[in-house]
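Descriptive structure summary
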Amino acid sequence: MSDPGSSHPHLFSPIRVGTMDLRSRVMLPPHASAIGNIYGTEDEARRNIAYFEQRAEAGVAWVGSLSTHVRNHLIPGFEPTGVGAATTGFFRLPFFVERVQAFSDAMHARDTCVTVQMVHQGGMPHGASPVMSAPVINLMPHVMDTDDIAAFVAEYAASARLAMEGRADGVELHLNHDDLHEWFLSAYTNHREDAYGGSLEARARFSVECLRAIRDVVGSSMTVGIRLNIREEMPEGYDVDGGVELAQYLESTGLIDYVHGVVGSPWGNPSYIQPTYFEPGRFSSLAQRFKDALSLPVVHTGRITSPRVAEDILAAGHADIVGMARAHIADGDLLVKAREGREDEIRPCVGGNECISRRYVEGLPFGCAVNPGTSHEVDVPWPSVAPRRLLVVGGGPAGMELAALSAEAGFEVDLREREPELGGQLRYVIRAPRHEGYAAYLDWQVRRLAGLGVTVTTGVEVSADDVRASGADVVAIATGARARRPAIAGVDAPHVLDSRDVLAGAAAPGGPGSRVLVIAQDDHVAPLSVADHLAEAGHEVTVCYATHQPAPLLGRYIIGGILGRLDARDVRMVFMEEVVRIDGPSVTTRNVYSQKVRPLGEFDAVVLACGSVSESTLYDELRGSLPELHILGDAYAPRRLVFATRQAYALAEQLAATHRAAALA
């Protein structure tokens, strides 16, 4: 009998890293603070541990997701600000050891190793020199003196001791992504003239002192590694050769057991959480530069979206171990499915970064766009129901997810869709450049429905009488939304097109070189995606926003990717201007603050990217005439994919509980 993992022989082969014997080559890098903070409330900690327990049981060999801030050293009254700013940190919390012990014990019970990542963001307020690290972050640092340096070295040593008491297998020193250590390591941010600046050895002195202090505490009982940028994204920073040189020097100290090489900044193009605009495994060949230059094991993380991508990277010799975060958010059982030859059942990650943007941009709870069940691992499984008939009208993201979840709970589900194909607005999204992940998700969802035995009927217009005659016990209306056409003088001219029609190829703004204006009245990515589509087709594109910035709901970990693509194609951006008149080729705007009216220019076509208006007519007609009627998705209020799937999850959970209770009554 062949090994069930034989199609992924490298992925499922063992390896030793420091003190850790790993049963596979998969590491989960830090990514779980939004899912459930292990250092938060007891409920958050339980949710965090349950999330990782599922993935450990599936075959993950190493969890490095305890991203943990060391205590800051501040004068009285100073308040650190910015993403990642810390005061007490986590190591010094009174329950730190207890929490890490609980986490480590849960992972060890599943033959999974644990490392704690030691983090301190640069510039908040500490830095090596009086400079800034990025053109989009304008906080000037406090320049560290030798007393500050000594205090931090001692703090890293104390933190390592606490991690050891927590029964973790190792610690990882965070030297990248704008960490305080990167500010010292990089000649771009380190202009010191003392023992901590100048040569590579001097710039690395702070990090080496911290590593030596950590080793003095843990000895050979724990694994010690580093996470390092393979290159810096600012042209003035170090390049790949410089990254290799740094890694070689740190290896030469004999203080580390592995190097975790990554690419990206916290704000730029690419960010270190690379979105859909980058091919899977795009930067693994750069990690090979580390692997070729070092004798230590090399870990690489960066848009490794599937077991096949991971296997290819390992087989090519680009890395010894792969870090896979968002792929495991999308499907916690992906390694089980890979071992069993069921890769087509793996729920694909679309790379939209809602998992991080919702929490850190909008202040909303964690949500995965394609897997609304993620973060609910700690919850009691839904009760199965006696066969009940559910009619879902609308086969967009909300309708499809509700139909699938309800079928999994035991409902007999009838899904009806007006268009010839399922997908709703996803059918337009997948036509935008670099959105192949969304197409894979749509295909996966269609296969899922078929496998669950959901009765799917497409190309049918469902009336209120049809619904009443269906005999369904429960009816859910997910009829989506229609394109919004704003009240602009001249908006009905024939050269004014809707973005959906443009993406679908149903409307053309003219031949290559045509001057096209995109009117952006949408706070997320849609206007930028249609601009990308138009620019790729060779048009001269201008995007006009009334806001003072593009896509204000896009987080810093995704927006750089699309803005970089657009600027590379010379797409023009106009801000704080509201289009008030379209008069033939001429377009007039009004500044939203001064109210000054001015001509914007002349355009061959205008494309509206102005959001949607709910299509709730069927629901309105049925209200009060059915015993159990629900509405969800864009039919209730137009939002994004993650909102649709989360609403479907919440409704399916409610239906399962309600009908189970009724059956038992």
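None of the values given here were measured: they were computed from a predicted structure. (Residues numbered from 1 in each chain as written. Predicted model: local features only at pLDDT ≥ 70, side-chain atom pairs only at ≥ 80, totals over all residues. Heavy atoms only, no water.)

**Quick word on the overall build of the chain**
Scanning the chain from terminus to terminus reveals 21 helices and 27 strands. The C-alpha radius of gyration of the chain comes to 27 Å, within 12% of the 26 Å expected for a compact globule of 665 residues. Along the three orthogonal principal directions, the C-alpha set of the chain runs to about 75 × 70 × 50 Å. Counting over 665 residues, the chain shows a buried share of 58%. Taking as baseline every contact in the chain between residues at least 6 positions apart, the subset at least 24 positions apart corresponds to 73%. Entry remark: accessible area of the chain is about 25800 Å², with carbon and sulfur atoms responsible for 50%. Between the mean site of the 59 positive side-chain charges and the mean site of the 83 negative ones, the chain shows a separation of 2 Å. (Helix = DSSP H or I, 4+ residues; strand = E, 2+ residues; numbered from the N terminus. Rg over C-alpha atoms; globule rule 2.2 N^0.38 Å. Buried < 20%, exposed > 50% of the residue type's maximum accessible area, 1.4 Å probe, protein only. Contact = heavy atoms within 4.5 Å. Areas by Shrake-Rupley, 256 points an atom, 1.4 Å probe, with all protein chains shown as cover. Lys, Arg positive; Asp, Glu negative; His and termini not counted. Charge placed at Lys NZ, Arg CZ, Asp CG, Glu CD.)

**Quick look at the pairing of strand β4 (residues 62-69)**
Counting buried positions over the 8 residues of β4 gives 7, a clear majority of the element. Where β4 lies against strand β5 (residues 113-119), 6 bridges are found, and the strand directions are parallel. Paired with Thr 68 across the two strands is Met 118, which belongs to β5. In this fold, the crossover linking β4 to β5 by way of helix α2 (residues 96-108) has right-handed handedness. (Pairing = 2+ DSSP bridges. Right-handed = clockwise from strand over helix to strand, strands pointing away.)

**Concerning the sheet that holds strand β18 (residues 496-498)**
Paired through backbone hydrogen bonds, the strands of a sheet run either parallel or antiparallel to each other. Pairing is parallel in the open sheet, where 5 strands are placed in the order β18-β25-β19-β20-β21. The open sheet has two free edges, formed respectively by β18 and β21 (572-574), since each of these has just one partner strand. Adjacent strand axes in the sheet meet at a mean angle of 25° when their direction is disregarded. Relative to strand β20 (residues 540-545), strand β19 (residues 515-520) is paired through 6 bridges, and the arrangement is parallel. Looking across to β20, one finds that Ala 520 is bridged to Tyr 545. (Axes fitted to C-alpha atoms, helices over the stretch in contact; angles between N-to-C directions.)

**Regarding α2**
Compared with the 18 Å implied by 1.5 Å per residue over 13 residues, the 18 Å span of α2 between its first and last C-alpha is a close match. Residues of α2 that are buried include every one of Phe 96, Val 97, Arg 99, Val 100, Phe 103, Ser 104, Ala 106 and Met 107, and no others. Buried residues along α2 sit in contact with α1 (42-58), β4, β5 and α3 (146-165). (Expected span 1.5 Å × (residues − 1).)

**Observations concerning the packing of aromatic side chains**
What the rule picks out here adds up to 12 aromatic pairs. On the basis of an interplanar angle of 45° and a centroid distance of 6.0 Å, the ring pair of Phe 278 and Phe 283 is categorised as tilted. For Phe 283, a relative accessible area of 6% puts it in the buried group. Relative to Trp 444, the ring of Tyr 441 lies with its centre 6.3 Å away and its plane at 20°, an arrangement referred to as stacked. With Tyr 441 and Trp 444 both in helix α15 (residues 436-451) and 3 residues apart, the pair spans about one turn of that helix. Here the two residues Tyr 441 and Trp 444 agree in accessibility, since each one is buried. Note that Arg 99 overlies the ring of Phe 95, its terminal NZ or CZ placed 4.3 Å from the centroid. Positioned above the aromatic ring of Tyr 428 is the side chain of Arg 427, whose terminal nitrogen or guanidinium carbon lies 5.4 Å from the ring centre. (Phe/Tyr/Trp six-rings, centres within 6.5 Å; stacked < 30°, edge-to-face > 60°. Lys NZ or Arg CZ within 6 Å of the ring centre and 35° of its normal.)

**Quick look at the pattern of salt bridges**
By the definition in use, this model includes 38 salt bridges. Notably, a salt bridge pairs Glu 155 with Arg 92, separated by 2.8 Å at the nearest N-O pair. One end of the pair, Glu 155, is in helix α3; the other, Arg 92, is in the loop between β4 and α2, and 63 residues separate them in sequence. Classification of Arg 92 by relative accessible area gives partly exposed; the value is 35%. Its salt-bridge partner being Asp 105, residue Arg 167 comes within 2.7 Å of it at the nearest N-O pair. Residue Arg 167 is found in the loop between α3 and β8 (170-174), and its partner Asp 105 is found in helix α2; the two are separated by 62 residues along the sequence. The exposure class of Asp 105 is partly exposed, given its relative accessible area of 34%. Connected through shared salt-bridge partners, Asp 43, Arg 46, Arg 47 and Asp 379 make up one network. (Salt bridge = Lys/Arg side-chain N within 4 Å of Asp/Glu carboxyl O.)

**Describing the nonpolar core**
Of all hydrophobic cores here, the largest spans 166 residues; its most connected members are Phe 206 and Leu 402. Looking at this core element by element, the count peaks at 10 residues for helix α21 (residues 641-664). Those residues in contact with Leu 402, other than ones at most four positions away along the chain, are Leu 390, Val 392, Ala 476, Leu 632, Ala 648, Leu 651, Ala 652 and Leu 655. Formed by 15 residues, the second largest nonpolar core is a distinct cluster that contains Val 496, Ile 519, Cys 544 and Val 574. (Core = buried A, V, L, I, M, F, W, Y, C linked by side-chain atoms within 4.5 Å.)

**Details of the side chain of Ser 129**
Checked against the element boundaries, Ser 129 lands in the loop between β6 (126-127) and β7 (142-143). Side-chain polar atoms of Ser 129 contact the backbone nitrogen of His 191, separated by 2.7 Å. Polar side-chain contacts of Ser 129 include one of 3.5 Å to the backbone nitrogen of Arg 192. If we skip the residues at most four places from it in the chain, Ser 129 touches Pro 141, Val 143, Thr 189, Asn 190, His 191 and Arg 192. (Polar contact = N/O pair within 3.5 Å; in protein donor to acceptor, adjacent residues only side chain to side chain.)

**A few points about the environment of Glu 209**
Topologically, Glu 209 is positioned in helix α6 (residues 205-218). Among the residues examined, Glu 209 registers a relative accessible area of 25% and is labelled partly exposed. Along the sequence, Glu 209 and Ala 154 sit 55 residues apart, while their C-alpha atoms lie 9.5 Å from each other. Excluding its chain neighbours within four sequence positions, the residues that come into contact with Glu 209 are Ile 149, Val 153 and Tyr 196.

**A look at the sheet that holds strand β23 (residues 586-591)**
Spatially, 3 strands are ordered β22-β23-β24 in an open sheet, and the strand pairing comes out antiparallel. Lying at the two open borders of the sheet, with one neighbouring strand each, are β22 (577-583) and β24 (597-602). Geometrically, the sheet is characterised by an average inter-axis angle of 30° between neighbouring strands, direction not taken into account. With 6 bridges joining them, β22 and β23 adopt antiparallel strand pairing. Bridge pairing links Asp 583 to Ser 586 in β23.

**Details of unusual backbone geometry**
In this model, Met 124 is joined to Pro 125 through a cis peptide bond whose omega is 0°. Looking at the element boundaries, Pro 125 is found in the loop between β5 and β6. In this structure, Pro 270 follows Asn 269 across a cis peptide bond, with omega equal to 10°. With a phi close to 65°, Met 576 is a non-glycine residue in the positive phi region. With respect to the helices and strands, the residue Met 576 is situated in the loop between β21 and β22. The exposure class assigned to Met 576 is partly exposed, which follows from its relative accessible area of 32%. Of note, the phi angle at Gln 595 is positive, near 70°, even though the residue is not glycine. Locating Gln 595 in the fold gives a position in the loop between β23 and β24.

Just distances and angles here, no functional claims.
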